[in-house]
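Each chain, letter by letter, is given below.
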Amino acid sequence: MAVDGPRAMRRRPIQDRSRATVERILDAGRSVLLERGFEGASTNRIAAAAGVGPGSLYQYFPDKEAILERVVERAMDDLEARITRAFLGSLRAGDDAVRHHLEALLDALSDEAELVRVLSQDQPRTVGRRRAGFARRIDALVAGALLAEHPDAGDVPVDAVAWMLVRTVEHVTISWVLEQPGVGREAILDELTAMVGGYLGARWA
């Protein structure tokens, strides 16, 4: 899926019937994407899954890339909002708060497990750039939250702490969702809670 930026729709739906058609196409695009991946998806398959003819599909979208980008954008908007809330909430004092928000993060990734799997296996450049940009925003938000919680940070390298914390939690949670190892959800949450709380406690002991 070699594209350099989001591809515009050919025609904006105005009437209710047109909007319903676009929604069917996008729902079908998601289903085909999860079943076939980016390379295996095609406009013919998406049109068939949506119950529309290829001509109807092309009235609104120039190609499959435009459809799949819109599908991924919508899913990532929701996922990013949930991940942001979970990361920031996990920095609050107390193991109960940390665990609660790590649960929210794990739930967000689990709810979109198939999408996460597809993106991890076959990631278009636009999604890669967006993911990198989102990671940088999370780093900055976490660093800001840490400074707000600990205004007397002193010599603690807050940016480094934020980067390591975000990448570690991200890697553990995504790996658990994708690999489904022989480690239970509660055990993962127990250990992540201990890790985050212990790490932050040690840095500001």
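In short, a report on the structure.

Procedures and definitions
- Residues numbered from 1 in each chain as written.
- Predicted model: local features only at pLDDT ≥ 70, side-chain atom pairs only at ≥ 80, totals over all residues.
- Heavy atoms only, no water.
- Core = buried A, V, L, I, M, F, W, Y, C linked by side-chain atoms within 4.5 Å.
- Buried < 20%, exposed > 50% of the residue type's maximum accessible area, 1.4 Å probe, protein only.
- Helix = DSSP H or I, 4+ residues; strand = E, 2+ residues; numbered from the N terminus.
- Contact = heavy atoms within 4.5 Å.
- Polar contact = N/O pair within 3.5 Å; in protein donor to acceptor, adjacent residues only side chain to side chain.
- Expected span 1.5 Å × (residues − 1).
- Axes fitted to C-alpha atoms, helices over the stretch in contact; angles between N-to-C directions.
- Parallel < 35°, antiparallel > 145°, perpendicular 65-115°, else oblique.
- Nonpolar A, V, L, I, M, F, W, Y, C, P; charged D, E, K, R; others polar.
- Salt bridge = Lys/Arg side-chain N within 4 Å of Asp/Glu carboxyl O.

### Things to note about the nonpolar core
One finds Leu109, Leu146 and Trp204 to be the most contacted residues of the largest nonpolar core, which totals 33 residues. For this core, the elements supplying multiple residues, two or more each, are α4 (64-89), α5 (95-111), α6 (113-121), α7 (125-149), α8 (158-179) and α9 (185-203). Take this core: its biggest share by element is 9 residues, from α8. If you look at the next biggest cluster of nonpolar residues, it comprises 25 residues, including Ile46, Ala50, Met76 and Val118.

### Things to note about the environment of Arg117
Here Arg117 shows up in helix α6. Judged by its relative accessible area of 25%, Arg117 is partly exposed. If sequence neighbours within four positions are ignored, Arg117 has contacts with Val177 and Leu178. Polar side-chain contacts of Arg117 include one of 3.2 Å to the backbone oxygen of Leu178.

### Some points on α8
Along its 22 residues, α8 runs 31 Å from first to last C-alpha, staying within 8% of the 32 Å computed at 1.5 Å per residue. Every buried residue of α8 is accounted for by Val158, Val161, Ala162, Leu165, Val166, Val169, Thr173, Ile174, Ser175, Trp176 and Val177.

### Digging into the packing of α6 against α8
Orientation of α6 relative to α8, taken along the N-to-C sense of each, is 100 degrees, at an axis distance of 10 Å. Comparing the axis directions of α6 and α8 gives the class roughly perpendicular. Residues Ala113, Val116, Arg117 and Ser120 of α6 pack against Ile174, Val177 and Leu178 of α8. Of the residues contributing to the contact of α6 with α8, the split by class is 5 nonpolar, 1 polar and 1 charged.

### Considering the pattern of salt bridges
A full pass over the atoms with the stated rule returns 8 salt bridges. Its salt-bridge partner being Arg99, residue Asp190 comes within 2.4 Å of it at the nearest N-O pair. Here Arg99 lies in helix α5 and Asp190 lies in helix α9, a separation of 91 residues in the sequence. Residue classification places Arg99 among the buried positions, given a relative accessible area of 19%. In this structure, Arg185 engages Glu186 in a salt bridge whose closest nitrogen and oxygen atoms are separated by 3.6 Å.

Such coordinate-based values are descriptive only and should not be taken to indicate function.
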